[in-house]
Amino acid sequence: MKGFFGAVLIAIGLLVAGLCGLCTGFFFLMFLGEGEPSSVILPLLLGGIPTLTGIGLFQWGRSLLRQAREDERPQ
């Protein structure tokens, strides 16, 4: 079960971090091109939190997957 949930968390984390990261990067570059330095912070705040959450889900899933592999190893 740990392996399955780990794989699911990795998939969800990759999707969330990838999509939010790409969107954040796009709007960051768009606002950066306008020349207004204060508007650059907005995409980082709004998109950075979901991106970090996706990275956290990915790391959590990776640790669960490693634990599942260690549990399956014969001793």
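Bear in mind the structure is a predicted one, so any value in this text is a computation, not a measurement. (Residues numbered from 1 in each chain as written. Predicted model: local features only at pLDDT ≥ 70, side-chain atom pairs only at ≥ 80, totals over all residues. Heavy atoms only, no water.)

### Focus: the UniProt feature "transmembrane region" (unreviewed entry) in the protein
Here comes step 1: According to UniProt, the positions carrying the feature "transmembrane region" (unreviewed entry) are residues 7–33 and 39–60.
Here comes step 2: This span, residues 7–33, is 100% helix and 0% strand, and a straight line between its end C-alpha atoms measures 39 Å.
Here comes step 3: The span residues 39–60 carries 91% helix and 0% strand; its end-to-end C-alpha distance comes to 33 Å. (UniProt positions renumbered as here; feature names shortened; annotations may be inferred. Helix = DSSP H or I, 4+ residues; strand = E, 2+ residues; numbered from the N terminus.)

### Re the packing of helix α1 (residues 2–34) against helix α2 (residues 41–72)
Here comes step 1: At their nearest, the axes of α1 and α2 sit 7 Å apart, and the two run at 160 degrees to each other. Between α1 and α2, the interaxial angle falls into the category roughly antiparallel. For α1 against α2, the interelement crossing comes out left-handed. (Axes fitted to C-alpha atoms, helices over the stretch in contact; angles between N-to-C directions. Parallel < 35°, antiparallel > 145°, perpendicular 65-115°, else oblique. Left-handed = near helix turned anticlockwise from the far one by under 90°.)

### A short note on the state of the cysteines
Here comes step 1: Throughout the structure, instances matching the rule amount to zero disulfides.
Here comes step 2: Between C20, a free cysteine, and C23, which holds the nearest cysteine sulfur, the sulfur-to-sulfur gap is 7.2 Å.
Here comes step 3: On the basis of relative accessible area, C20 is assigned to the partly exposed category, the value being 24%.
Here comes step 4: On the basis of relative accessibility, which here comes to 40%, the residue C23 falls in the partly exposed class. (Disulfide = S-S within 2.5 Å. Buried < 20%, exposed > 50% of the residue type's maximum accessible area, 1.4 Å probe, protein only.)

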